[in-house]
Amino acid sequence: MLGCVIHGQDDLRVAQLPVPEPGPGQALVAVRYGGVCGSDLHYWRHGGVGDFRLREPMVLGHEVVGTVLGYGDGASGPAPGTAVAVHPATPCGVCPECSAGRRNVCRDTSYLGSAARFPHVQGGFAAQVVVPSEQLRALPEGLELRRAALAEPLSVALHAVRRAGDVAGRHVLVTGAGPIGCLVVAAAKAAGAAQVTVTDLLPEALEYARVAGAETVVRADDPDDAGWPDEVDVAIEASGVAAGLDACLRRVRRGGVVVQLGMLPPGQSPFAGNLVVSREIELRGAFRFDTEFDAALELLAVEPAFDGLVSAVVPVGDAESAFALAADRSRSCKVLLDFSVAP
């Protein structure tokens, strides 16, 4: 069967992999679609994500949906043939964070396609994968696999909005109109935000933000753009660059909330810490998600507008061209790999 394996910086290979067998407590899933995430692109372009560096070849991918094929001993779940999404995280369940109900920051979690631990956790970009059976989620009625492939990144967005607190009736600023930023727009609107303003450098990306529901879009490199708000109630930084965080801190109102969602480069990043003090701004981090995965599937089932964020579906055999397309935000938002034709 075909799979996408990253060996190092600029070394992505579509290779024949052995067909897996589910062990005790595991499910076997035939993958249909896999979404190319920003972290997948970082492994491809830089050999790592933040402080997580590649130390061995790794199957990429954590945004996967497909169909149940079967189970190993002692495992159960949706019946074979059922369309499912795969929750990519397996928290340890016993660390202080898990015990406190914050499983998304578990100190010993396993996450599909992640080099955060060694040996690395192999990912889901393969024609068939085995995962713990409790990670399967049957799709809600009416939700097709193509749209369901957005469940993982939408969960990230939902968690970030929840970290911001109650956004109902409020003005939310989102810096960065990549796939995650656009999904933050959709999540904020679903949570009742009265207005969402989005900034980015690329006009094409800003058009996707409009598709997601943004009322106002702003060129981040144009300080005279009339769309810049004087102040907002909540700001969510989704670009992963220090300039985005700076814009959030300078545009949020006194006593407002800034959520840092984008993964900043490793090492130190400058930021206007004096504003955090003098305006008593609450600066909060947002990392991955937990129960939001189920909420994401329910939201996807009732909102067809999400289809407009899928730019392209590319056969797995052309994975490198799919990655190049996903990396070019002037041409794409979310790119999916299609494993249905993988031998």
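Residues numbered from 1 in each chain as written. Predicted model: local features only at pLDDT ≥ 70, side-chain atom pairs only at ≥ 80, totals over all residues. Heavy atoms only, no water.

**Re the pattern of salt bridges**
Then, number 1: Summed over the entire model, instances satisfying the criterion amount to 17 salt bridges.
Then, number 2: Note that Glu292 is salt-bridged to Arg162, the shortest N-O span being 3.8 Å. Of this pair, Glu292 sits in helix 9 (residues 292-302) while Arg162 sits in helix 4 (residues 151-164), placing them 130 residues apart in sequence.
Then, number 3: On the basis of relative accessibility, which here comes to 6%, the residue Glu292 falls in the buried class.
Then, number 4: Here Arg250 and Asp246 are joined by a salt bridge, their closest N and O atoms 2.9 Å apart. One end of the pair, Arg250, and the other, Asp246, are both in helix 7 (residues 242-251), four residues apart, so they sit about a helical turn from each other.
Then, number 5: Note on Asp246: relative accessible area 26%, which makes it partly exposed. (Salt bridge = Lys/Arg side-chain N within 4 Å of Asp/Glu carboxyl O. Helix = DSSP H or I, 4+ residues; strand = E, 2+ residues; numbered from the N terminus. Buried < 20%, exposed > 50% of the residue type's maximum accessible area, 1.4 Å probe, protein only.)

**A word on the sheet that holds strand 18 (residues 282-285)**
Then, number 1: Within the open sheet, the six strands sit side by side as 15-14-13-16-17-18. Their pairing is parallel. For this open sheet the edge positions go to strand 15 (216-219) and strand 18, each flanked by a neighbour on one side alone. With direction set aside, neighbouring strand axes in the sheet form an average angle of 20°.
Then, number 2: By the bridge criterion, four bridges tie strand 14 (residues 195-200) to strand 15 in an arrangement that is parallel. Each residue of the ladder has a partner; that of Thr197, found in strand 15, is Thr216.
Then, number 3: Contacts from helix 5 (residues 179-190) reach strand 13 (171-175), strand 14 and strand 16 (232-237) within the one sheet, and its direction differs from that of strand 14 by about 175°.
Then, number 4: The sheet contacts of helix 6 (residues 203-212) involve strand 14 and strand 15, and relative to strand 15 the element is tilted by about 165°. (Pairing = 2+ DSSP bridges. Axes fitted to C-alpha atoms, helices over the stretch in contact; angles between N-to-C directions. Contact = heavy atoms within 4.5 Å.)

**Description of the side chain of Ser39**
Then, number 1: Assignment of secondary structure puts Ser39 in helix 1 (residues 38-46).
Then, number 2: With residues near it in sequence (within four places) discarded, Ser39 still touches Val49 and His62.

**Considering the packing of helix 5 against helix 6**
Then, number 1: Their axes nearest at 8 Å, the elements helix 5 and helix 6 cross at an angle of 25°. Relative to helix 6, helix 5 is oriented roughly parallel. Seen from above, helix 5 lies across helix 6 with right-handed handedness. On the side of helix 5, the interface is formed by Cys182, Val185 and Ala186, while helix 6 contributes Ala205, Tyr208, Ala209 and Ala212.
Then, number 2: Residues that form the contact of helix 5 with helix 6 fall into these classes: seven nonpolar, no polar and no charged. (Parallel < 35°, antiparallel > 145°, perpendicular 65-115°, else oblique. Left-handed = near helix turned anticlockwise from the far one by under 90°. Nonpolar A, V, L, I, M, F, W, Y, C, P; charged D, E, K, R; others polar.)

**Quick notes on helix 7**
Then, number 1: Three or more residues of helix 7 are buried, namely Gly244, Leu245, Ala247, Cys248 and Leu249.
Then, number 2: Buried residues in helix 7 make contact with strand 13, strand 16, strand 17 (252-260), helix 8 (273-278) and strand 18.

**Digging into the environment of Gly8**
Then, number 1: Within the secondary structure, Gly8 is located in strand 1 (residues 2-8).
Then, number 2: Considered as a pair, Gly8 and Gly47 are 39 residues apart in the sequence and their alpha carbons are 5.1 Å apart.
Then, number 3: Apart from residues lying up to four places away in sequence, Gly8 is in contact with Tyr43, Trp44 and Leu54.

**A few points about the sheet that holds strand 1**
Then, number 1: Spatially, 2-1-6 is the arrangement adopted by the three strands of the open sheet, whose pairing is antiparallel. Since the sheet does not close on itself, it has two edges, and those belong to strand 2 (11-16) and strand 6 (58-59), each with one partner.
Then, number 2: Packed on one face of the sheet, helix 1 meets strand 1, strand 2 and strand 6 and runs near 50° to strand 1.

**What to know about the UniProt feature "domain: Alcohol dehydrogenase-like C-terminal" (unreviewed entry) in the protein**
Then, number 1: The feature "domain: Alcohol dehydrogenase-like C-terminal" (unreviewed entry), as annotated in UniProt, sits at residues 179-301 in this numbering.
Then, number 2: When the span residues 179-301 is considered, its composition is 39% helix and 24% strand, and the gap between its end C-alpha atoms is 19 Å. (UniProt positions renumbered as here; feature names shortened; annotations may be inferred.)

**Section: the pairing of strand 14**
The two faces of a sheet get side chains in turn, since along a regular strand they alternate between them.
Then, number 1: Burial analysis of strand 14 places five of its six residues in the buried class, the great majority of the element.
Then, number 2: Pairing of strand 13 with strand 14, which is carried by five bridges, proceeds in the parallel orientation. Bridge assignment links Val172 to a residue of strand 14, and that residue is Val196.
Then, number 3: Handedness of the crossover joining strand 13 and strand 14 through helix 5: right-handed.
Then, number 4: Each parallel crossover has a hand, and the one from strand 14 via helix 6 to strand 15 is right-handed. (Right-handed = clockwise from strand over helix to strand, strands pointing away.)

**Description of unusual backbone geometry**
Then, number 1: Across the junction of Phe118 and Pro119, the peptide omega takes the value -5°, indicating a cis bond.
Then, number 2: Look at Asp10: it is not a glycine, yet its phi comes out positive at around 60°.
Then, number 3: Here Asp10 is to be found in the loop between strand 1 and strand 2.
Then, number 4: Residue Asp10 is classed as exposed on the basis of its relative accessible area, which comes to 53%.
Then, number 5: Residues other than glycine seldom take positive phi values, yet Arg288 does so here, at roughly 55°.
Then, number 6: With respect to the element layout, Arg288 can be found in the loop between strand 18 and helix 9.
Then, number 7: The exposure class assigned to Arg288 is buried, which follows from its relative accessible area of 16%.

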